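Listed below are the residues making up each chain.
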Amino acid sequence: MTDDNIFNLDARPAMPSLWDPEVANAALDAFVDEDDRMTGGLAFLFCDEEGKLLQPVLVADLPTPLRAADRWTALRWATGLCEMVGDDHAGPLGLILAVVREEGPVCDEDREWHQVALDACAEVGAPMLGMHLVTMDGVVALPAALRAA
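Residues numbered from 1 in each chain as written. Predicted model: local features only at pLDDT ≥ 70, side-chain atom pairs only at ≥ 80, totals over all residues. Heavy atoms only, no water.

Novice: Mind showing me how you'd approach the overall build of the chain here?
Specialist: Looking only at helices and strands, the chain features four helices and five strands. Moving toward the C terminus, one meets the helices and strands of the chain in the order α-α-β-β-α-β-α-β-β. Split into buried and exposed, the 149 residues of the chain put 44% on the buried side. Partitioning the intrachain contacts of the chain with sequence separation of at least 6 by distance along the chain shows that 69% fall at a separation of at least 24. Carbon and sulfur atoms provide 54% of the accessible area of the chain, an area that totals close to 7,900 Å². (Helix = DSSP H or I, 4+ residues; strand = E, 2+ residues; numbered from the N terminus. Buried < 20%, exposed > 50% of the residue type's maximum accessible area, 1.4 Å probe, protein only. Contact = heavy atoms within 4.5 Å. Areas by Shrake-Rupley, 256 points an atom, 1.4 Å probe, with all protein chains shown as cover.)

Novice: Please clarify how helix α3 (residues 68–86) should be interpreted in this entry.
Specialist: Taking 1.5 Å of rise per residue, the 19 residues of α3 would be expected to cover 27 Å, and the 26 Å separating its terminal C-alpha atoms lies within 8% of that figure. On its buried side, α3 packs onto β1 (41–47), β3 (94–100) and α4 (108–124). (Expected span 1.5 Å × (residues − 1).)

Novice: Got a minute to help me understand the nonpolar core in this structure?
Specialist: One broad rule of soluble globular proteins: the nonpolar side chains tend to lie buried together. Within the largest apolar cluster, 24 residues are counted, with the highest numbers of intra-cluster contacts made by Phe-44, Leu-75, Leu-95, Leu-97 and Trp-113. Every element with two or more residues in this core is listed here: β1, α3, β3, α4 and β4 (128–135). If you tally residues by element for this core, the top one is α4, at seven residues. Beyond its immediate stretch of four places on either side in the chain, Leu-97 contacts Leu-42, Ala-43, Phe-44, Leu-75, Trp-113, Ala-117, Met-128, Gly-130, Met-131 and His-132. Ranked by size, the runner-up nonpolar core spans 16 residues in total, among them Val-32, Leu-53, Ile-96 and Leu-129. (Core = buried A, V, L, I, M, F, W, Y, C linked by side-chain atoms within 4.5 Å.)

Novice: Mind showing me how you'd approach the sheet that holds strand β2 (residues 53–59) here?
Specialist: Strand pairs in the sheet, formed through backbone hydrogen bonds, run parallel or antiparallel to each other. Strands sit in the order β2-β1-β3-β4-β5 across an open sheet of five strands; the sheet is mixed. Because the sheet does not close on itself, it has two edges, and the strands there are β2 and β5 (138–141). Pairs of neighbouring strands in the sheet enclose a mean axial angle of 20°, with direction left out of account. Of the pairings in the sheet, the one linking β1 to β2 comprises six bridges and is antiparallel in character. Each bridged residue has a counterpart across the sheet, and for Phe-46 the counterpart in β2 is Gln-55. Across the sheet, helix α1 (residues 21–31) is in contact with β1, β2, β3, β4 and β5; its angle to β5 comes to roughly 145°. (Pairing = 2+ DSSP bridges. Axes fitted to C-alpha atoms, helices over the stretch in contact; angles between N-to-C directions.)

Novice: I tried to follow α1 on my own but got confused; where do I start?
Specialist: In an α-helix there are 3.6 residues to a turn, and that puts residues three or four apart on one side. For α1, the complete set of buried residues consists of Ala-24, Asn-25, Leu-28 and Phe-31. Along the axis of α1, the buried residues cluster in a sector spanning 135°; they form a single face. Along α1, exposed side chains directed more than 90 degrees from the buried face belong to Glu-22 and Ala-30. On its buried face, α1 sits against α2 (34–39), β1, β2, β3, β4 and β5. (Arc of directions from axis to C-beta.)

The following block contains the structure:
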């Protein structure tokens, strides 16, 4: 993330809700720069109950090979923040997760991230606003799940 992508918290009241996948796609496209897409990682967008962005976070340097336990570690960190910060709001914060990589269509690994995110959010009662893939070709939202497993 470059300094050009610094989030302006004062702009929050005028922001559209990230519950809309197209709005979330646009926010992720603006947040994740070309260098981040080349490097890869995870983007987390922490949102309030209306789906307005509170804080974007990019995590790079994911372990390779990636194990199922690594996914749970990352998501339990994120949902722990949702729960902890949410104590000052009206319940846990909402979460958008995006897998960031250089190229490729949605794959089974992305679906595994999505399922772990759904399950981790369900554990703490945090709304899962969406799952996205960010590549050099753009941003795509994965289909919304009907429920957590």
